[in-house]
Amino acid sequence: MNNLYTLAITQLEGGNYTIDTVLNAIKTVTDWAISIGIALAGLTLVIGFIVFAVVDVEQKVRARQKITQVLLGIGGIVLSISLVNIMIRLFV
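As a starting point, this report considers the structure included with it. In this text, all values refer to a predicted model and were calculated from it rather than measured experimentally.

Describing the overall build of the protein
Along its length, the protein carries two helices and zero strands. Looking at the protein as a whole, 14% of its 92 residues qualify as buried. Looking at the protein alone, contacts between residues at least 24 apart form 58% of all its contacts between residues at least 6 apart.

As for the nonpolar core
With five residues, the main nonpolar core is built from Ala41, Leu45, Ile67, Val70 and Ile74. Within the residue set of this core, elements represented by two or more residues are helix 1 (19–54) and helix 2 (60–91). Ranked by residues supplied to this core, first place goes to helix 2 with three residues.

Considerations on the environment of Thr30
Among the structural elements, Thr30 can be located in helix 1. Under the relative-accessibility criterion, Thr30 is labelled buried at 8%. Along the backbone, Thr30 and Ser82 are 52 residues apart, and their C-alpha atoms lie at a distance of 8.9 Å. Every residue in contact with Thr30, bar those within four places of it in the chain, is listed here: Ile81, Val84 and Asn85.

Some thoughts on the packing of aromatic side chains
Counted under the stated rule, the structure contains zero aromatic pairs. The ring of Phe52 has Lys60 sitting right over it, with the charged end atom 4.6 Å from the ring centre.

Quick look at the packing of helix 1 against helix 2
In contact at an axis separation of 10 Å, helix 1 and helix 2 are set at 170° when each is read in the N-to-C sense. Put simply, helix 1 runs roughly antiparallel to helix 2.

A word on helix 1
The end-to-end C-alpha distance of helix 1 is 52 Å, a good match for the 52 Å that 36 residues give at a rise of 1.5 Å each. Among the residues of helix 1, those classed as buried are Leu23, Thr30, Gly37, Ala41, Leu45 and Gly48. Packing partners of the buried residues in helix 1 comprise helix 2.

A closer look at helix 2
Its 32 residues place the ends of helix 2 48 Å apart at the C-alpha level, agreeing with the 46 Å of an ideal helix rising 1.5 Å per residue. Of the residues making up helix 2, those classed as buried are Ala63, Ile67, Val70, Ile74, Ile81, Asn85 and Ile88. Close packing links the buried residues of helix 2 with helix 1.

So, a nonpolar patch on the surface
A cluster of nonpolar side chains, contributed by Trp32, Ile36, Leu40, Leu43, Ile47 and Val51, occupies part of the molecular surface with about 610 Å² of accessible area. Of note, Leu40 is situated in helix 1.

Here we look at the environment of Gly42
Mapping Gly42 onto the fold places it in helix 1. The partly exposed category is assigned to Gly42, whose relative accessible area is 28%. Expressed as a C-alpha distance, the spacing of Gly42 and Ile74, which sit 32 residues apart in the sequence, is 8.4 Å.

Cut-offs used in this document
Residues numbered from 1 in each chain as written. Predicted model: local features only at pLDDT ≥ 70, side-chain atom pairs only at ≥ 80, totals over all residues. Heavy atoms only, no water. Helix = DSSP H or I, 4+ residues; strand = E, 2+ residues; numbered from the N terminus. Buried < 20%, exposed > 50% of the residue type's maximum accessible area, 1.4 Å probe, protein only. Contact = heavy atoms within 4.5 Å. Core = buried A, V, L, I, M, F, W, Y, C linked by side-chain atoms within 4.5 Å. Phe/Tyr/Trp six-rings, centres within 6.5 Å; stacked < 30°, edge-to-face > 60°. Lys NZ or Arg CZ within 6 Å of the ring centre and 35° of its normal. Axes fitted to C-alpha atoms, helices over the stretch in contact; angles between N-to-C directions. Parallel < 35°, antiparallel > 145°, perpendicular 65-115°, else oblique. Expected span 1.5 Å × (residues − 1). Patch = residues over 30% accessible without salt bridge, like charges linked within 9 Å, V, L, I, M, F, W, Y side chains within 5 Å. Areas by Shrake-Rupley, 256 points an atom, 1.4 Å probe, with all protein chains shown as cover. Salt bridge = Lys/Arg side-chain N within 4 Å of Asp/Glu carboxyl O.

Shown next as structure tokens:
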């Protein structure tokens, strides 16, 4: 009983869109999201390193925490978009 059941829908009602076109649109949006997300996170990381270099000794801990949060955010972006792409591959 370890069968994987996929949808047998080939065309959506109300138009000439197929499941493949919808999945390709989702993949395109996720590719754009990861590109923009990584670019913005990289910019934030550069600003964080600049702030870390110029702040007082008392503020360095806070700046280091912000840099760590940005790195965790980059990991979260990559992980979530990768999971979406894996789910799309299951249906294509």
